[in-house]
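The chain contents come next:
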Amino acid sequence: MKSFDALLGASVERHGHLCAGQVIGVRMAMLGCRLVGIDDPTAPHLRKKLMVYVEIDRCATDAIESVTGCRMGRRSLKFRDFGINAATFVNLDTRVAYRIVSTESAREMAKEYAPGESTVHRQQLEGYKRMPDALLFDVQRVGVSLPEWEMPGPPRRHAVCDRCGQMVRDGREIVSGGETLCRPCAGESYFYPVDGPEGDACGDPPKEMHA
Ligand SMILES: [Zn+2]
Ligand SMILES: [Zn+2]
């Protein structure tokens, strides 16, 4: 594993700015890799051995991606939208997994680890670099059920929606009332149709949607 400073530098370059989230994300990823016994996840012989689940789409996620080399496009980075600053690191060989949550108490304690800094922003940035892992994170050994269609590699499962004919890969279909459905047909959609050939940007969402 490269040094914290080298990993932070690479992550900041990729993310676009230095922020507390980069410090937390780099440290979380370094700890996660160490806990599951993968010293350098970007080494060629270890690249396919790590899977990471992230639970928020904010700054720290970019840092985790940068340190681990795990990517959504490789299916080695999974996003579960829980709104929690946490990630789970899974060794695909041993199935050893740890979930690491960034503690809320670290925000308050940051200033004690950065006594020379006057702004909250600087206190968090510097404090999070120096604070011990045990204060920065809650760590739990976990199991993660990984069906074969969650794994990297070609799709193991294909289904065809009974209503619209859309091909659905990787076990994401919904079976309901004897029908196999894609998620939009099952009513699990984030978009809604609007009238007109180019769409109507002012269209109101249907009442049943919260988007
Ligand atoms: Zn950021
Ligand atoms: Zn459908």
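A. Fine view of the overall build of the protein. Each helix and strand counted, the protein has six helices and nine strands in total. Looking at the protein residue by residue over its 211 residues, the buried ones come to 29%. Pairs at least 24 residues apart make up 54% of the contacts formed inside the protein by residues separated by at least 6 positions.

B. Quick peek at the pairing of strand β4 (residues 97-102). The buried fraction of β4 amounts to five of the six residues, a majority that puts the element mostly inside the structure. Judged from the five bridges that link them, strand β3 (residues 86-91) and β4 form a sheet pairing that is antiparallel. Along β4, the bridge assignment pairs Ala-86 with Val-101. Linking two consecutive strands that pair antiparallel, namely β3 and β4, is a turn of five residues; a positive phi of about 65 degrees is found at Arg-95 within it. Sheet topology note: the β4/strand β5 (residues 137-142) ladder contains six bridges and is antiparallel. Residue pairing in the sheet places Ser-102 in a bridge with Phe-137 of β5.

C. A look at the nonpolar core. If you look at the biggest cluster of nonpolar residues, it comprises 36 residues, and the most contacted ones within it are Val-26, Met-28, Ala-29, Val-52, Ile-64, Ala-87 and Phe-89. With eight residues, helix α2 (residues 20-35) is the single largest residue contributor to this core. Those residues in contact with Val-26 that lie beyond four places of it in its chain are Phe-4, Leu-7, Leu-8, Ser-11, Ala-63 and Val-67.

D. The arrangement of the sheet that holds β5 in detail. The five strands are arranged β2-β1-β3-β4-β5 in an open sheet whose pairing can be described as mixed. Each having just a single partner strand, β2 (77-79) and β5 make up the two edges of the open sheet. Looking at each pair of strands side by side, their axes are set apart by 20 degrees on average, direction ignored. Strands β1 (50-54), β3, β4 and β5 of the sheet are contacted by α2, whose axis makes an angle of about 160 degrees with β4. The sheet strands contacting helix α3 (residues 59-68) are β1, β2 and β3, and the helix crosses β1 at an angle near 175 degrees.

E. Local environment of α3. A large share of α3 lies buried, amounting to nine of its 10 residues. Along α3, the positions that sit buried rather than exposed are Ala-60, Thr-61, Asp-62, Ala-63, Ile-64, Glu-65, Ser-66, Val-67 and Thr-68. Buried residues in α3 make contact with α1 (4-15), α2, β1, β2 and β3. Trailing α3 by a residue or two, Gly-69 shows a phi angle of about 75 degrees, which is positive.

F. Quick peek at unusual backbone geometry. With phi around 65 degrees, Arg-75 is a residue other than glycine that occupies positive phi space. Tracing the chain through its elements places Arg-75 in the loop between α3 and β2. Under the C-beta neighbour-count criterion, Arg-75 is labelled partly exposed, with 16 such atoms within 10 Å.

G. Here's a closer look at α2. The end-to-end C-alpha distance of α2 is 22 Å, a good match for the 22 Å that 16 residues give at a rise of 1.5 Å each. Two residues or fewer past α2, Gly-37 is found with a positive phi of approximately 80 degrees.

H. View of the packing of α2 against helix α5 (residues 120-130). Orientation of α2 relative to α5, taken along the N-to-C sense of each, is 10 degrees, at an axis distance of 8 Å. One finds that α2 runs roughly parallel with respect to α5. When the axes of α2 and α5 are compared, the crossing they make is left-handed. Across the interface between the two elements, Ala-20, Val-23 and Ile-24 from α2 touch Gln-124, Leu-125, Tyr-128 and Lys-129 from α5. Of the residues belonging to the contact of α2 with α5, the class tally is five nonpolar, one polar and one charged.

I. Structural detail: the environment of Thr-180. Along the chain, Thr-180 turns up in strand β9 (residues 179-181). Put simply, Thr-180 and Ala-29 are 151 residues apart on the chain and 38 Å apart in space, counted from C-alpha to C-alpha.

J. Representation of the packing of α1 against α2 within the structure. Packing of α1 against α2 brings their axes to within 10 Å, and their N-to-C directions diverge by 125 degrees. It follows that α1 is oblique to α2 by the angle criterion. Both α1 and α2 take part in a crossing whose hand is right-handed. Residue-level contacts link Phe-4, Leu-7, Leu-8, Ser-11, Val-12 and His-15 of α1 to Gln-22, Val-23, Gly-25, Val-26 and Met-30 of α2. Its residues assigned to classes, the contact of α1 with α2 comprises seven nonpolar, four polar and no charged.

Scoring rules and cut-offs
Per chain, the residues get numbers from 1 upward, laid out in the order the sequence is written. Note on labels: chains are lettered from A, ligands numbered from 1, in written order. Reporting of local features is limited, given that this is a predicted model, to residues whose pLDDT is at least 70; pairs of side-chain atoms are given and counted only at 80 or more, and all residues count toward the totals for whole chains, interfaces and linings. Numbered from the N terminus, helices here are DSSP runs of H or I no shorter than four residues, and strands are runs of E no shorter than two. Counts of 20 or more other C-beta atoms within 10 Å of a residue's own C-beta define buried residues, counts of 12 or fewer define exposed ones, and intermediate counts define partly exposed ones; C-beta atoms are placed from the backbone. By the convention adopted here, residues are in contact when the distance between their C-beta atoms, placed from the backbone, does not exceed 7 Å. Think of it this way: DSSP has to see at least two bridges between two strands before they count as a pair. Only buried residues count toward a nonpolar core: Ala, Val, Leu, Ile, Met, Phe, Trp, Tyr and Cys, linked into one set through C-beta atoms within 7 Å. For helices, the fitted line uses only the C-alpha atoms of the stretch in contact; every axis is such a line through C-alpha atoms, and the angle between N-to-C directions lies from 0 to 180 degrees. To estimate the expected span of a helix, subtract one from its residue number and multiply by 1.5 Å. Throughout this description, any angle smaller than 35 degrees is read as roughly parallel, any larger than 145 degrees as roughly antiparallel, any in the 65 to 115 degree range as roughly perpendicular, and the remainder as oblique. Crossing handedness is defined as follows: a turn of the near helix away from the far one that is anticlockwise and smaller than a right angle gives a left-handed crossing, while the clockwise case is right-handed. Residues were grouped as follows: Ala, Val, Leu, Ile, Met, Phe, Trp, Tyr, Cys and Pro as nonpolar; Asp, Glu, Lys and Arg as charged; and all remaining residues, including Gly, as polar.

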